[in-house]
Amino acid sequence: MSAAGSTVRGSVLLGALGSVLLGTGAWAAGALPPGVPDGVWGRRGESVTWVCVAASYAGLVLLITAWWQLGSRLASGAGVERRQLWAALWCWALPLVPGPLVGSSDAYSYLAQGALAGRGLDVYALGPAALGGPLAANVPGMWHRSPAPYGPLSVAAARAVVAVTGEQQVVAAVLGLRLVALAGVGLMVWALGRLSDTSGPGAAGALWAGALNPLVLLHLVGGAHNDALMLGLVLLGLLAFRRGRWCLGTVVLTAAVLVKAPAVVALLCAAAVTVAGRDGPRQRWWQAARLAGVAAAALVAGVAVCGQGWGWLGTLRTPAAVHTLLSLSTDAGHLLGWLAEALGWGTAGGAMTAARLAGLLAGLAAAGHWVWRAPHAGAERAAGAGLLALVVAAPAAQPWYVLWAVVPLAAADWRRLARPGAKAAVVALTLVVMPSGQGPTWASGCAAAVGAGLALAVVATGLRVRPARAPVAVLPDAAAKVPR
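Residues numbered from 1 in each chain as written. Predicted model: local features only at pLDDT ≥ 70, side-chain atom pairs only at ≥ 80, totals over all residues. Heavy atoms only, no water.

The next point concerns the overall build of the protein. Across its full length, the protein holds 20 helices and zero strands. Taking as baseline every contact in the protein between residues at least 6 positions apart, the subset at least 24 positions apart corresponds to 76%. Working note: accessible area of the protein is about 21,400 Å², and carbon and sulfur atoms make up 67% of it. (Helix = DSSP H or I, 4+ residues; strand = E, 2+ residues; numbered from the N terminus. Contact = heavy atoms within 4.5 Å. Areas by Shrake-Rupley, 256 points an atom, 1.4 Å probe, with all protein chains shown as cover.)

Next up on the list: unusual backbone geometry. Glycine aside, residues mostly have negative phi, and peptide bonds are mostly found in the trans state. One non-glycine residue with positive phi stands out, namely Ala224, at about 55°. Checked against the element boundaries, Ala224 lands in the loop between helix 9 (214-222) and helix 10 (227-242).

Below, the discussion takes up helix 2 (residues 46-75). In a regular helix each residue adds 1.5 Å, so 30 residues correspond to 44 Å; helix 2 covers 43 Å between its end C-alpha atoms and thus fits that length. Among the 30 residues in helix 2, 22 count as buried, and that is most of the element. Positive backbone phi, at 90°, marks Gly77, one or two positions downstream of helix 2. (Expected span 1.5 Å × (residues − 1). Buried < 20%, exposed > 50% of the residue type's maximum accessible area, 1.4 Å probe, protein only.)

So, on to a nonpolar patch on the surface. Together, Trp50, Val51, Val450 and Leu454 make up an exposed nonpolar region whose accessible area comes to about 360 Å². Among the secondary structure elements, those contributing two or more residues to the nonpolar patch are helix 2 and helix 19 (442-464). Structurally, Trp50 is set in helix 2. (Patch = residues over 30% accessible without salt bridge, like charges linked within 9 Å, V, L, I, M, F, W, Y side chains within 5 Å. Salt bridge = Lys/Arg side-chain N within 4 Å of Asp/Glu carboxyl O.)

Evaluated as defined, the whole model comprises five aromatic pairs. Relative to Tyr150, the ring of Tyr110 lies with its centre 5.2 Å away and its plane at 90°, an arrangement referred to as edge-to-face. Remark: Tyr150 occurs in the loop between helix 5 (133-137) and helix 6 (152-165) and Tyr110 occurs in helix 4 (residues 106-118); sequence separation between them is 40 residues. Across the pair, exposure class does not vary: Tyr110 and Tyr150 are buried alike. Seen in terms of ring centroids, Trp208 and Trp414 are 6.4 Å apart; in terms of plane orientation they differ by 75°. Their pairing is edge-to-face. In this pair, Trp208 sits in helix 8 (residues 201-210) while Trp414 sits in helix 17 (residues 403-417), placing the two residues 206 residues apart along the sequence. (Phe/Tyr/Trp six-rings, centres within 6.5 Å; stacked < 30°, edge-to-face > 60°.)

All right, on to the pattern of salt bridges then. Evaluated as defined, the whole model comprises six salt bridges. Where Arg83 meets Glu81, a salt bridge forms, and the shortest distance between an N and an O atom there is 2.5 Å. On the basis of relative accessibility, which here comes to 59%, the residue Arg83 falls in the exposed class. In this structure, Asp413 engages Arg416 in a salt bridge whose closest nitrogen and oxygen atoms are separated by 3.0 Å. Linking Asp413 with Arg416, this pair stays in helix 17, spanning three residues, or about one helical turn. With a relative accessible area of 46%, Arg416 lands in the partly exposed category. When salt bridges that share partners are traced, they join Arg381, Asp413 and Arg416 into one network.

Moving on, we come to the nonpolar core. One finds Trp92 and Leu403 to be the most contacted residues of the largest nonpolar core, which totals 131 residues. Here Leu403 is in contact with Asn213, Leu215, Val216, Leu220, Leu231 and Pro408, once residues within four sequence places are set aside. Counting nine residues, the second largest nonpolar core, distinct from the first, contains Ala29, Cys52, Tyr57 and Met434. (Core = buried A, V, L, I, M, F, W, Y, C linked by side-chain atoms within 4.5 Å.)

This brings us to the environment of Trp86. Within the secondary structure, Trp86 is located in helix 3 (residues 82-93). By relative accessible area, which is 34% here, Trp86 ends up partly exposed. When the C-alpha atoms of Trp86 and Ala211 are compared, they prove to be 9.4 Å apart, with 125 residues separating the residues in sequence. Among residues more than four places away in sequence, those in contact with Trp86 are Val189 and Leu207.

Turning to the side chain of Arg178, a few remarks are in order. As for its placement among the helices and strands, Arg178 is situated in helix 7 (residues 170-195). For the buried Arg178, no salt bridge exists, and the shortest N-O distance to an oppositely charged side chain is 13 Å, to Asp106. Among residues more than four places away in sequence, those in contact with Arg178 are Leu96, Val97, Pro98, Gly99, Pro100, Leu101, Val221, Gly222 and Ala224. (Lys, Arg positive; Asp, Glu negative; His and termini not counted.)

So, in structure tokens, the structure goes:
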């Protein structure tokens, strides 16, 4: 994936081709709604699906390669203009907009929760099963009876989309949610360019690491996750704090908490920096009190406007009901549970509960440590590091959760994200998810391997191509001296 032999224009076009393949393949291989008829994001034959899975994975590989090449150019000091990165963002994101969900079917749960709220039902007490109809039919079975684990602002956004499209128009509702996600990505990109250096490699690097990141394109744009809105508000709030507008920043970051609760780490880090900047203990205590008052008022007002009540505080543990391989504490719980039953020390359930609780406490402690260090490390760096610790130790984690840390860190120190190890982690997290959001089968796994192999062959062939040498002109006098 070296940048040698590539140009910025070539990388942009390569990524655009990858995005087109990914978006096109999603029409048969994405997270399709079961209730939609064939031909409109509907199910197709096995052979078509196999080809589309291969095309999607080929597109992912091309997109990742283009992103890697641009990062290598930036890290080496080669010139990449911001307008070129903006062109890349448009070319890489737009092909994913009209298609089905990619990488996850969570957006169907958002829509079902929005429809429940639109009917005046309590989304924090009832699951999508209480809704019925096509929206509930599209929600994965394991979430049918699960209450919403998201904040009231996320539910309000989904409710507004369903109010416009209606409960029967699943495709239109998904596209409406994607527009909300794109608005969040737009806020994120706008704030990234201002949090980082105003010009030069700082701003360009931040856009590469935070906005062009394959995880952003795959999960925030393609998957329409509400993390996009949360991250957009987080960066906007951090920018307000950076400019000294702490009251506005507190309100915006509180709104981010009302989308997803982990955003509170960013709020605490920004508040810690602001308080530490005051002269004398008395001024610091007064500033802390004002921050707490504004945050409390914004929280109460936000909950009142959204109209969903405070039940969301009791459902934050809902995602932990699913065991994910990306959770270190859950993996440790599986191992400890196996040992406990094999050695007769206890039950697997008890070991799992203990491991997950220990992981959660460790993550909270690490996040608290970074809040304490925020005045020295900076709000963006501390927020990114604290959220990363929270994700790594959480009882449940998904690949796109890493963006909670990556996006703030892109504004603070994008060069760390340009290191080979960090880029390799992004590649692994991008490829680990099938386009459908479900686990791989033998057929889909083979299709993915074929598609990835073909894309790698195309990339390797392109990198071996070198411009031909221009023919050397032979002077007439020299030619006359050549012996015949």
